[in-house]
Amino acid sequence: MWRPEVKEFPQMIRPFLAGAVLLLAAACASTPVALLPQQEAAEAATITALLQAQDASWNAGDIEGFMNGYWPSGELRFASGGNVVRGYEATLARYKLRYPGREGMGQLSTSGYEIDILSEDAAIAHGSWKVTTAEGSSDGLYTLVLRKMDGQWLIVSDTTTSSE
């Protein structure tokens, strides 16, 4: 079988070609799937409903219901007060310690929702929160990273700040 002669590239060009191939492969792999504006709006509405359901659960004294919005995984990340907690169970334990019982939970309100749909299965949500108890109130901001898994949006990373 006849094959054309393959000439090798000069030694000095090889690293550039290898780099170009890697950049091209990375660009193709990370190109997000574009959603139509109505799809983005629908996904943002679904995420907003999730956040509002969390408020309702909190205000009913149901921390476990509130936690339904989080990824039930040991890889969940929660950052607040200069500390990072990893895992669903550790995050739940932190909430129960910080907000003991129905009275300690007070009333939660979130607002200022800014939902950025990054792809079919990734989003970021920004907003503000306020908890009011008999002793007073605390408030701050949050940034949530969400992933859509098995058709459901779940919080995989929560960074919450306090204005205190």
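Residues numbered from 1 in each chain as written. Predicted model: local features only at pLDDT ≥ 70, side-chain atom pairs only at ≥ 80, totals over all residues. Heavy atoms only, no water.

K.L.:
Lay out the overall build of the protein chain in plain terms, naming residues and giving numbers.
P.N.:
Of regular secondary structure, the protein chain possesses 5 helices and 6 strands. Starting at the N terminus and ending at the C terminus, the protein chain contains elements arranged as α-α-α-β-β-α-α-β-β-β-β. Of all 164 residues assigned to the protein chain, the portion counted as buried reaches 33%. Summarising the internal contacts of the protein chain: among those between residues at least 6 apart in sequence, 50% fall at separations of at least 24. Carbon and sulfur atoms form 59% of the exposed surface of the protein chain, whose accessible area is close to 10,400 Å². (Helix = DSSP H or I, 4+ residues; strand = E, 2+ residues; numbered from the N terminus. Buried < 20%, exposed > 50% of the residue type's maximum accessible area, 1.4 Å probe, protein only. Contact = heavy atoms within 4.5 Å. Areas by Shrake-Rupley, 256 points an atom, 1.4 Å probe, with all protein chains shown as cover.)

K.L.:
Pulling in residues and values, what's your account of unusual backbone geometry?
P.N.:
In this model, D150 sits at a positive phi of 50°, which is unusual for a non-glycine residue. Positionally, D150 belongs in the loop between β5 (136-149) and β6 (152-162). We classify D150 as exposed; its relative accessible area is 87%.

K.L.:
Can you explain the sheet that holds strand β2 (residues 83-86)? Please cite residues and give values.
P.N.:
Taken in spatial order, the 6 strands line up as β2-β1-β6-β5-β4-β3 in an open sheet, and their pairing is mixed. Strands at the two margins of the open sheet, each flanked by one partner only, are β2 and β3 (107-119). Each adjacent strand pair in this sheet contributes to an overall mean axis angle of 20°, direction not counted. Pairing geometry for β3 and strand β4 (residues 122-133), over 10 bridges, is antiparallel. Bridging from a neighbouring strand, I115 pairs with A125 of β4. Those strands touched by helix α2 (residues 37-59) are β3, β4, β5 and β6, and its axis lies near 155° from that of β3. (Pairing = 2+ DSSP bridges. Axes fitted to C-alpha atoms, helices over the stretch in contact; angles between N-to-C directions.)

K.L.:
Describe the nonpolar core, and please don't skip the residues or the numbers.
P.N.:
If you look at the biggest cluster of nonpolar residues, it comprises 30 residues, and the most contacted ones within it are I47, M67, Y70, Y95 and L146. At the level of secondary structure, the elements contributing two or more residues to this core comprise α2, α3 (63-67), α4 (88-98), β3, β4, β5 and β6. Here the element with the most residues in this core is α2; it accounts for 5 residues. The contact partners of Y70, leaving out residues within four places of it in the chain, are Q54, L76, F78, Y88, Y95, L154, I155 and D158. (Core = buried A, V, L, I, M, F, W, Y, C linked by side-chain atoms within 4.5 Å.)

K.L.:
Now, about the pattern of salt bridges: what can you tell me, with residues and values included?
P.N.:
Per the counting criterion, the structure on display carries 3 salt bridges. With a shortest N-O distance of 2.9 Å, E43 and K148 are connected by a salt bridge. You can see E43 sitting in helix α2 and its partner K148 sitting in strand β5, a full 105 residues away along the chain. Judged by relative accessible area, E43 falls into the buried class, the value being 17%. (Salt bridge = Lys/Arg side-chain N within 4 Å of Asp/Glu carboxyl O.)

K.L.:
Any chance you could break down the confidence of the model for the protein chain for me, citing the residues and the numbers?
P.N.:
Summing up the model confidence of the protein chain, the mean pLDDT is 86 and the portion of residues at 70 or higher is 79%. Predicted confidence for residues 20-24 stays below pLDDT 50, and this span has 0 contacts to residues more than four positions away or in other chains. (pLDDT = per-residue confidence, 0-100.)

K.L.:
Lay out the side chain of S57 in plain terms, naming residues and giving numbers.
P.N.:
Tracing the chain through its elements places S57 in helix α2. The contacts of S57, once residues within four sequence positions are left out, are D62, G65 and F66.

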